[in-house]
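These are the residues of each chain, in order.
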Amino acid sequence: MHVPLLDLQAQYQSIRTEIDAAVSDVFASQAFIGGPTVEACEAAVAAYCGCTYGIGMSSGTDALLAALMAEGMGPGDEVITTPYTFFATAGSIHRLGATPVFVDIDPATFTIDPARIEPAVTERTRAIMPVHLYGRTAEMEPIAAIAARHGLSTIEDACQAIGAEDGGRRAGAMGDYGCFSFYPSKNLPAAGDAGMITTADPDRAHRLRILRNHGMNSKYTHSMIGGNFRLDALQAAVIQVKLPHLDAWTEARQDNAARYAQLFEEHGLVSDPVVLPRIDAADDGERHVVNQYVIRVPRRDDLRDHLRAHDVGCEVYYSIPLHLQECFRDLGYRKGDFPASEEAAHETLAIPIYPELSNDAAAYVVATIAAFYRG
Ligand SMILES: *Cc1c(COP(=O)(O)O)cnc(C)c1O
């Protein structure tokens, strides 16, 4: 049996006529940059996130960058974030000449540990950038309280978490900015690179619209130095077709997670050797959207090789935490500085969780893992 990590073909076939019609409409209009398709997509995503404004961006990375630019971040400024995340989180901070200040994660959730944030605040700290990793929101209540106490802005890296909730509020509606990615491996995939920023603040929304278009406020009049961070109409059309399906896909991911939990239990693997991700029930006011299903296991690299040899797709996300990346050597961190992040980088493995994953495929994945530890 072949089980891929992600099956975009299955998704496309289920909505092919809708997608093809929407793409064909954009070609018929020949309006590729801006216009009603982009605006409709922005409004739809903002409404879905429970936020006032949506500003289309060329990628999740550019969304993070533009949010930091809109806050005027530059040399001498510090932004607190986690080292256990995709590169773009800290890369966007460093690119502007600002300093990423890392804080370790809570090992139970893989998100920034709020208790460690305040000791990292200095007089140079300007913002906190929590990451809603793998589809689970960071603990935004204590983070917002720290931000308020110290006058910091909050930029949610919500790239993996569209539709995730904490205390009944959605990712992207809890901080000053919510940054989203529609990269094909995310829960709401475009047909290539695309992103979005949500904000409730009209001034920030205005600055972002200018920044994404070279800082131009009217033709050839530049009030700021921006870039080309625009979302194009073809991507906007695809996102808009897919958005009404997102809740059903998210529920399918959650059902798959529940099935995995049951299968791992049946095979007697739970806790030892396999630690399952914590995916809380909706009645806690939390909604984990399961962008990745990440288990913690001993002999992780050997298990990865075993799964691949048996045709099961799997992936090690973030095998080197950001504080140990060569390009961030100038920040002066060392091995051992963030033990929870380093342990997660060493022990975790993502297994297939895409919405169309069949019961048989999930059973095969768990049986293959069971065989590895029995063998
Ligand atoms: C995907 C991702 C990004 C970057 O998004 P792109 O659209 O690929 O540029 C940033 N942060 C996190 C946590 C991500 O998962």
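Quick caveat, the model's predicted, so the values are computed rather than measured.

Q: Help me understand the pattern of salt bridges in this model?
A: The final tally for this structure, using the stated rule, is 17 salt bridges. Of the charged contacts in the structure, one is a salt bridge between Arg 149 and Glu 118, with a shortest N-O distance of 2.9 Å. With Arg 149 in helix α6 (residues 140-150) and Glu 118 in the loop between β3 (99-102) and β4 (125-128), this residue pair connects regions lying 31 residues apart in the sequence. Exposure remark for Arg 149: the relative accessible area of 54% places this residue in the exposed category. Among the residues examined, Glu 118 registers a relative accessible area of 29% and is labelled partly exposed. Of the charged contacts, one joins Glu 315 and Arg 308 as a salt bridge, the two residues approaching to 3.6 Å between their closest N and O atoms. Taking relative accessible area as the criterion, Arg 308 reaches 40% and is therefore assigned partly exposed. Where salt bridges share partners, they join Glu 71, Asp 176, Asp 201, Arg 204 and Arg 207 into one cluster.

Q: I keep staring at the nonpolar core and nothing clicks. Help me out?
A: Across soluble globular proteins, you tend to see nonpolar side chains buried next to one another. Val 45, Ile 162, Phe 182, Leu 231 and Ile 239 are the most contacted members of the largest nonpolar core, which has 31 residues in total. Residue assignment for this core shows that the elements contributing at least two residues are α2 (16-29), α3 (36-49), α8 (233-242) and α9 (246-266). Considering each element in turn, this core owes the most residues, six residues, to α8. There are two domains that each give this core at least three residues, and those are domain 1 (8-103 + 110-244) and domain 2 (246-374). Other than its neighbours up to four places away in sequence, Val 45 contacts Ile 162, Phe 182, Met 196, Ile 239 and Leu 243. One finds Ala 257, Leu 269, Val 312 and Tyr 373 within the second-largest nonpolar core, a separate group that totals 29 residues.

Q: In this structure, what is going on with the site of the ligand? I would like to understand it.
A: Near the ligand you find 15 residues, and of these Gly 60, Thr 61, Gln 160, Ser 181 and Lys 186 are the closest. Within the contact set of the ligand, an oxygen atom lies 2.6 Å away from a side-chain nitrogen or oxygen of Ser 181. Here the ligand loses 93% of its free accessible area of 380 Å² to cover by the protein chains. Elements that contribute at least two residues to the shell around the ligand include exactly α4 (60-70) and α5 (87-95). In terms of residue class, the shell around the ligand is built from six nonpolar, seven polar and two charged.

Q: Looking at this structure, I do not really get the packing of α4 against helix α7 (residues 202-211). What am I missing?
A: Two numbers describe a pair of packed helices, the interaxial angle and the distance between the axes. In contact at an axis separation of 9 Å, α4 and α7 are set at 120° when each is read in the N-to-C sense. As the angle between them shows, α4 and α7 are arranged oblique. In this structure, α4 meets α7 at a crossing whose hand is right-handed. Contacts from Ala 66, Ala 67, Met 69 and Ala 70 of α4 reach α7 at Arg 207, Leu 208 and Leu 211. Looking at side-chain class alone, the contact of α4 with α7 contains six nonpolar, no polar and one charged residues.

Q: What is the right way to read the packing of aromatic side chains from this model?
A: Any aromatic ring pair is given by two values, namely how distant the centres are and how the planes are angled relative to each other. With the rule as written, the count across this model stands at 16 aromatic pairs. Ring geometry for Tyr 260 versus Phe 264: centroids 6.1 Å apart, planes at 35°, classification tilted. With Tyr 260 and Phe 264 both in helix α9 and four residues apart, the pair spans about one turn of that helix. Accessibility classification places Tyr 260 together with Phe 264 in one group, the buried group.

Q: Help me understand the domain arrangement of the chain, please; the structure alone is not making it clear to me.
A: Many descriptions give the size of an interface as the accessible area lost when the pieces come together. Once the domains are mapped, the chain shows domain 1 (8-103 + 110-244) and domain 2 (246-374). Placing a centre on the C-alpha atoms of domain 1 and another on those of domain 2 gives a separation of 25 Å. Across the boundary between the two partners, domain 1 contributes 40 residues, which contact 33 residues of domain 2. The contact between domain 1 and domain 2 buries some 3,200 Å² in all, and 58% of this surface belongs to carbon and sulfur atoms. On the domain 1 side of the interface with domain 2, the three residues burying the most area are Tyr 134, Arg 136 and Asn 187, jointly 23% of the side's total.

Q: What's the story with unusual backbone geometry in this structure? I'm lost.
A: For residues that are not glycine, phi is negative in most cases, and the peptide bond is trans in most cases. The residue after Asp 272, namely Pro 273, is reached through a cis peptide bond having omega 5°. Its place among the elements puts Pro 273 in the loop between α9 and β12 (293-296). Positive phi, normally seen in glycine, also occurs at Arg 299, with a value near 50°. Examined against the element boundaries, Arg 299 turns out to sit in the loop between β12 and α10 (300-309). Since its relative accessible area comes to 48%, Arg 299 is described here as partly exposed.

Q: Is there a simple way to explain the pairing of strand β9 (residues 195-199) in this structure?
A: Two faces belong to every sheet, and in a regular strand the side chains alternate between them. Of all five residues making up β9, five are buried, and the element is well covered by its neighbours. Note that strand β1 (residues 53-57) and β9 share five bridges and pair antiparallel. Across the sheet, Met 57 pairs through a bridge with Gly 195, a residue of β9. Summarising the sheet, strand β8 (residues 177-181) and β9 pair through four bridges and their orientation is antiparallel.

Q: For this particular structure, what's the right way to read the packing of α9 against helix α12 (residues 359-374)?
A: Close contact between α9 and α12 brings their axes to 10 Å; oriented N to C, the two are set at 40°. Judged by the angle between their axes, α9 and α12 are oblique. Where α9 crosses over α12, the two elements pack in a sense that is right-handed. From α9, Arg 259, Tyr 260, Leu 263 and Phe 264 reach across to α12, where they touch Asn 359, Ala 362, Ala 363, Val 365, Val 366 and Ile 369.

About the thresholds
Residues numbered from 1 in each chain as written. Predicted model: local features only at pLDDT ≥ 70, side-chain atom pairs only at ≥ 80, totals over all residues. Heavy atoms only, no water. Salt bridge = Lys/Arg side-chain N within 4 Å of Asp/Glu carboxyl O. Helix = DSSP H or I, 4+ residues; strand = E, 2+ residues; numbered from the N terminus. Buried < 20%, exposed > 50% of the residue type's maximum accessible area, 1.4 Å probe, protein only. Core = buried A, V, L, I, M, F, W, Y, C linked by side-chain atoms within 4.5 Å. Domains from an automatic or database assignment. Contact = heavy atoms within 4.5 Å. Near = heavy atom within 4 Å. Polar contact = N/O pair within 3.5 Å; in protein donor to acceptor, adjacent residues only side chain to side chain. Areas by Shrake-Rupley, 256 points an atom, 1.4 Å probe, with all protein chains shown as cover. Nonpolar A, V, L, I, M, F, W, Y, C, P; charged D, E, K, R; others polar. Axes fitted to C-alpha atoms, helices over the stretch in contact; angles between N-to-C directions. Parallel < 35°, antiparallel > 145°, perpendicular 65-115°, else oblique. Left-handed = near helix turned anticlockwise from the far one by under 90°. Phe/Tyr/Trp six-rings, centres within 6.5 Å; stacked < 30°, edge-to-face > 60°. Buried area = accessible area lost by both parts, 1.4 Å probe. Pairing = 2+ DSSP bridges.

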